[in-house]
Structure formats: C-alpha cells, structure tokens
Amino acid sequence: MRTFKILLAVALLFGTGTAHLLHAQSFKFGFLTDIHIHSDSTLMAVKKRLDKLPKNLDFIMTGGDNVDIDYLKQEDIHRGEERLKQLKSILDSANKPYHVAIGNHDRLPGALRNGINDFQLFESVFGKTYYAFEHKGWKFIVLNSVEVENNQYAVKAPQVEWLKNVLRETPADQPIVIVSHVPFLSVYYPVLEGRYTSADTFSNQKQVFDLFENHNLKLVLQGHMHLYEEIKVKGVQFITAGAVSGNWWNGAFHGTEPGHLEIEVSENSFTWNYIK
C-alpha cells in the first residue's frame, strides 16, 4: 500500500504524462497488412487466417491494401464495394475490436480520382482514413499515407495539422504506435535493385517523423512492400510486416512468406513475432 501511495504521489507531482506511463498495461494485438482480397478464394483465405488468430488478442489492425479496388473498371466498382463489406463482415465476426488502415489499392481507380473523393468507397465502409485511439495507456495513430502530392505519396497539410493537434493533447511520455501503409523507412530498393529511391516511401516522412521528437514514439508498423523488414532508428522500431497475401497469393515474396505480425505489449515495452 505504501509503495502505491508513493507512485501516486510521483504521478501527481509530475503531471498526467507520468500518470499515463504508470498506467500502461500489458496486452497483445495482431497486425495484418497487404491482404489484397480480389476473389472469393482470397476472401476465404483471409477468413481462415482470422479464425486462427489467438483468442487472447485485444484487437486486430490492418495495414492497408485490404481489397484490390484501384484496378477495377468503372462498371465493376460495385464488386469492390461488395468485397469491402464482406471483409467488414469477417472482421465483425471475429468478435473483437478492429482498426483498418487504407492502402493505395483501396483507392478508387485512377480514372475516377480527382483528389477529392479518392477514398470514397473505403470511407463508406470503414470510416475515416486517418484517426487515433487509445488502448490500455498506449496511443495508436493510424495515418493515411496514400494521399498524393506532386505525384508522390504524402501525408498532406490538413492531415499534418490534425496530427499536430493530436500530439498537443498527448502526454510527452505516453507510448505511441503509428500505422502507415507506405513506409517511413525501407531498404526495399537498395536490397532488391541496388538503388535508392523515394518511390515507395511517402515524400514528407521526415516532416511527420520530426513531429514526434518530444514524444514517446515506440513503434511504426508499415506495409506496402510485401517484404519483412526491421529497422531501428533513434530508439524507434520500424517494422514492415510482410503481407498476408505474400507474393499476391502466389507464395513467398523474395523470401518473405505470407504472414502477419503479433505484438505483445508489456507496460512500456513490446515484443513481436511474424507468424508465417
């Protein structure tokens, strides 16, 4: 009892930020990215994977490219909407909370995009394309990194301003997880093609990363590349979490087997496993 009183006094002395750190709890969640549903068979494969997830997961997150919509012809758009709704039904049936990120393949086809309604179909089923939530003392920030500016993926100005407001309301030491479909960091091109390029990271990733300089950013979960990568920079762990669809449902992609990530949080730290 005496120890608890001392901890409470410390929390009160140093404010709400320390209180958040003290109240961080243990939990486990699943991260499934690059699902690429495009048929009944791929939809059923996703259902089977979800059915096999551990029962002790607190929630499920997706990392974008949930349903292949962007290649559809205008007359087939209804099929994309149906697939999104079917995925939502499967997630609902998992009987646990879930949070969905948007990927470039979840956008409307290029011929129907005008920079205003690019995400209309996704939003009609899953809601906002960027948002934040809290769970057991941790803050999760889901970005839309497939906005386009100057012909490159970007987090555009209105979303940056929203993020600044979120961080103003976030205690400095509260642990933070970011989900971004397009990576902040990746060695995809240097490893596979021997060259460096900005083509598959979003263009203002440094601007966004620097916003977290005085915050307790712990983990960035990424998708898009279908490779499994671990990069640690400035104490932040970046994980590009392979792909549920692997080489788009044709086995492994350059050695990365189809799979998903399971993250176990222990108060202010975490461990993870890539489940093939």
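Note that the structure is predicted; figures quoted are calculated from it, not measured. (Residues numbered from 1 in each chain as written. Predicted model: local features only at pLDDT ≥ 70, side-chain atom pairs only at ≥ 80, totals over all residues. Heavy atoms only, no water.)

Each helix and strand counted, the protein has 8 helices and 13 strands in total. Taken over the C-alpha trace, the protein has a radius of gyration of 19 Å; the compact-globule value for 276 residues is 19 Å, and the two agree within 12%. On the principal axes, the C-alpha backbone points of the protein span a range of 65 × 40 × 40 Å. Looking at the 276 residues of the protein, the share that counts as buried comes to 53%. Considering only contacts within the protein whose residues lie at least 6 apart along the sequence, 69% involve residues at least 24 apart. A total of about 13300 Å² of accessible surface is found on the protein, and carbon and sulfur atoms cover 51% of it. If you average the places of the 28 positive and of the 31 negative side-chain charges in the protein, the two averages end up 5 Å apart. (Helix = DSSP H or I, 4+ residues; strand = E, 2+ residues; numbered from the N terminus. Rg over C-alpha atoms; globule rule 2.2 N^0.38 Å. Buried < 20%, exposed > 50% of the residue type's maximum accessible area, 1.4 Å probe, protein only. Contact = heavy atoms within 4.5 Å. Areas by Shrake-Rupley, 256 points an atom, 1.4 Å probe, with all protein chains shown as cover. Lys, Arg positive; Asp, Glu negative; His and termini not counted. Charge placed at Lys NZ, Arg CZ, Asp CG, Glu CD.)

Assignment of secondary structure puts Leu108 in the loop between β3 (98-100) and α5 (120-126). Classification of Leu108 as buried rests on a relative accessible area of 6%. On a C-alpha basis, the gap between Leu108 and Asp118 in space is 5.4 Å, while along the polypeptide they are 10 residues apart. With residues near it in sequence (within four places) discarded, Leu108 still touches Ile69, Asp70, Ile77, Arg113, Asn117, Asp118, Gln120 and Leu121.

Direction vectors running N to C along helix α3 (residues 40-51) and helix α4 (residues 77-93) enclose 20°, while the axes themselves pass 10 Å from each other. As far as their axial angle goes, α4 and α3 are roughly parallel. Once α3 is placed against α4, the crossing between them reads as right-handed. Of the residues in α4, those in contact with Asp40, Leu43, Val46, Lys47 and Leu50 of α3 are Arg83, Gln86, Leu87, Ile90 and Leu91. (Axes fitted to C-alpha atoms, helices over the stretch in contact; angles between N-to-C directions. Parallel < 35°, antiparallel > 145°, perpendicular 65-115°, else oblique. Left-handed = near helix turned anticlockwise from the far one by under 90°.)

All right, on to the confidence of the model for the protein then. Here the protein shows a mean pLDDT of 92. Residues at 70 or above account for 92%. Confidence over residues 1-18 falls short of pLDDT 50; this stretch has 9 contacts with residues more than four positions distant or in other chains. (pLDDT = per-residue confidence, 0-100.)

Now for the packing of aromatic side chains. According to the stated counting rule, one finds 19 aromatic pairs in the structure shown. The interplanar angle of 90° and the centroid separation of 5.3 Å between the aromatic rings of Phe29 and Phe140 together place this pair among those described as edge-to-face. On the criterion of sequence distance, the pair formed by Phe29 in strand β1 (residues 27-32) and Phe140 in strand β5 (residues 138-142) is long-range, its members being 111 residues apart. Residue classification places Phe140 among the buried residues on the basis of a relative accessible area of 0%. Ring pairing ties together the aromatic residues Phe27, Phe29, Phe59, Phe133, Trp138, Phe140, Phe270 and Trp272, which thus form one cluster. (Phe/Tyr/Trp six-rings, centres within 6.5 Å; stacked < 30°, edge-to-face > 60°.)

It is worth spelling out the sheet that holds strand β13 (residues 269-275) at this point. Reading across from one edge, β3-β2-β1-β12-β13 is the order of the 5 strands in this open sheet, with mixed pairing throughout. In this open sheet, the two strands that pair with only one neighbour each are β3 and β13. Adjacent strand axes in the sheet meet at a mean angle of 20° when their direction is disregarded. Summarising the sheet, β1 and strand β12 (residues 260-266) pair through 5 bridges and their orientation is antiparallel. (Pairing = 2+ DSSP bridges.)

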